[in-house]
Amino acid sequence: MTLKNLLVQVIIRFVFAILFISLAVDAVNTAGWGFMAIISVLFATSDVVKGVRMFNAYVKIKDSIDKN
């Protein structure tokens, strides 16, 4: 996996997080805190956490490459 692929995966994670957040907001506005809203928030949280971790790994790898 190249650094470019890792960065693309980070961007995709954040895009999915935004999508799930918007679905959750729409579900809460329509029907309140139901099953779909809670599931959407859980998926969004998971995507944000994984995206941040992957971005941290990207920065560490890039820094180690730049030092050498």
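Please refer to the structure placed before this passage.
Residues numbered from 1 in each chain as written. Predicted model: local features only at pLDDT ≥ 70, side-chain atom pairs only at ≥ 80, totals over all residues. Heavy atoms only, no water.

Asker: Explanation requested: helix H2 (residues 35-67) in the structure shown.
Answerer: The periodicity of an α-helix, 3.6 residues per turn, causes residues three or four positions apart to be oriented the same way. Taking 1.5 Å per residue, 33 residues should reach 48 Å; H2 reaches 48 Å between its end C-alpha atoms and fits that length. If you check which residues of H2 are buried, you get Ala-37, Ser-40, Ala-44, Asp-47, Gly-51, Met-54 and Tyr-58. On its buried face, H2 is in contact with helix H1 (3-31). (Helix = DSSP H or I, 4+ residues; strand = E, 2+ residues; numbered from the N terminus. Expected span 1.5 Å × (residues − 1). Buried < 20%, exposed > 50% of the residue type's maximum accessible area, 1.4 Å probe, protein only. Contact = heavy atoms within 4.5 Å.)

Asker: Explanation requested: the packing of aromatic side chains in the structure shown.
Answerer: What characterises a pair of aromatic rings is the spacing of the ring centres plus the angle enclosed by the ring planes. Applying the stated criterion to the full structure yields three aromatic pairs. Judged by centre distance (5.3 Å) and plane angle (35°), the ring pair of Phe-20 and Phe-43 falls under tilted. In this pair, Phe-20 sits in helix H1 while Phe-43 sits in helix H2, placing the two residues 23 residues apart along the sequence. On the basis of relative accessibility, which here comes to 45%, the residue Phe-43 falls in the partly exposed class. Centre to centre, the rings of Phe-55 and Tyr-58 are 6.2 Å apart; their planes meet at 25°, and the pair counts as stacked. Of this pair, Phe-55 and Tyr-58 both sit in helix H2, three residues apart, which is roughly one turn of that helix. (Phe/Tyr/Trp six-rings, centres within 6.5 Å; stacked < 30°, edge-to-face > 60°.)

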